[in-house]
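# Topology and contacts: notes
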Amino acid sequence: MKHQINVTINGERKTLQIYLSETLLDVLRREGYKGVKFGCNEGTCGACTVILNGRAVKSCIILAAQAHEGKIITIEGIGTREKPHPVQITFVEENVVQCGYCIPGMILSAKALLDKNPNPTRDEIKSALDGNLCRCTGYRGQIEAVLKAAEIIRGEKK
Ligand code: FES
Ligand code: FES
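### Observations concerning the overall build of the protein chain
Regarding its fold elements, the protein chain presents five helices and five strands. Along the chain direction, N to C, the helices and strands of the protein chain fall in the order β-β-α-β-β-β-α-α-α-α. The C-alpha radius of gyration computed for the protein chain amounts to 15 Å, which stays within 12% of the reference 15 Å derived for 158 residues, consistent with globular compactness. Seen through its principal axes, the protein chain has C-alpha atoms that stretch 50 × 30 × 25 Å. Put simply, the protein chain has 158 residues, and 41% of those count as buried. Put simply, 59% of the contacts in the protein chain that link residues at least 6 apart link residues at least 24 apart.

### Remarks on unusual backbone geometry
For Asn10, which is not glycine, the phi torsion reads 50 degrees and is therefore positive. Here Asn95, not a glycine, exhibits a phi torsion of approximately 55 degrees, which is positive. The residue Asn95 is located in the loop between helix H2 (86–93) and helix H3 (103–116) in this model. Residue Asn95 is classed as exposed on the basis of its 10 C-beta neighbours within 10 Å.

### With respect to the sheet that holds strand E1 (residues 3–9)
The mixed open sheet is built from five strands, whose spatial order is E2-E1-E5-E3-E4. Edge positions in the open sheet fall to strand E2 (12–18) and strand E4 (55–58), since each of these has one partner strand only. Ignoring strand direction, the axes of neighbouring strands in this sheet form an average angle of 40 degrees. Inspection of the sheet shows strand E3 (residues 49–52) paired to strand E5 (residues 71–73) by two bridges, in the antiparallel sense. Paired with Leu52 across the two strands is Ile72, which belongs to E5. Across the sheet, H3 lies against E3, E4 and E5, angled at about 30 degrees from E3, the strand it touches most.

What counts, and at which threshold
Residues numbered from 1 in each chain as written. Chains lettered and ligands numbered in written order. Predicted model: local features only at pLDDT ≥ 70, side-chain atom pairs only at ≥ 80, totals over all residues. Helix = DSSP H or I, 4+ residues; strand = E, 2+ residues; numbered from the N terminus. Rg over C-alpha atoms; globule rule 2.2 N^0.38 Å. Buried ≥ 20, exposed ≤ 12 C-beta atoms within 10 Å, placed from the backbone. Contact = placed C-beta atoms within 7 Å. Pairing = 2+ DSSP bridges. Axes fitted to C-alpha atoms, helices over the stretch in contact; angles between N-to-C directions.

Here it is as structure tokens:
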């Protein structure tokens, strides 16, 4: 039997029909948010990261039912081709986008951090990105990218 949940996804209020056993990852992808990536499906890789009520969470280990009345942000909800989010700009500038599979989750983890703390230390960035694995690159570039994005957000850099 399906159940109804109400959520706000990228600012849009939606009513979704879900099974109680479904993960938030499965439901978001079914609804067309394909930027939410399917990786390990057990909470270790971070490819499925979204922001739920201001916190970066792994949507493969959250039931969709737990998001009822929640506010969700996926990669589709931040930045546009014409006006990318600062983290999207600096990830490209720092050449950390290779295959791209980890990137939506990583950018959302970085955004969740910067929304709360626009002046993070390297260690705070490391800890915010700790749950996002990348098979293609090292992790130094991402940290530099988040530091640069923070400067843009603080208005210290264009
Ligand atoms: S798919 Fe969710 S953490 Fe890997
Ligand atoms: S860019 Fe390929 S997994 Fe990160």
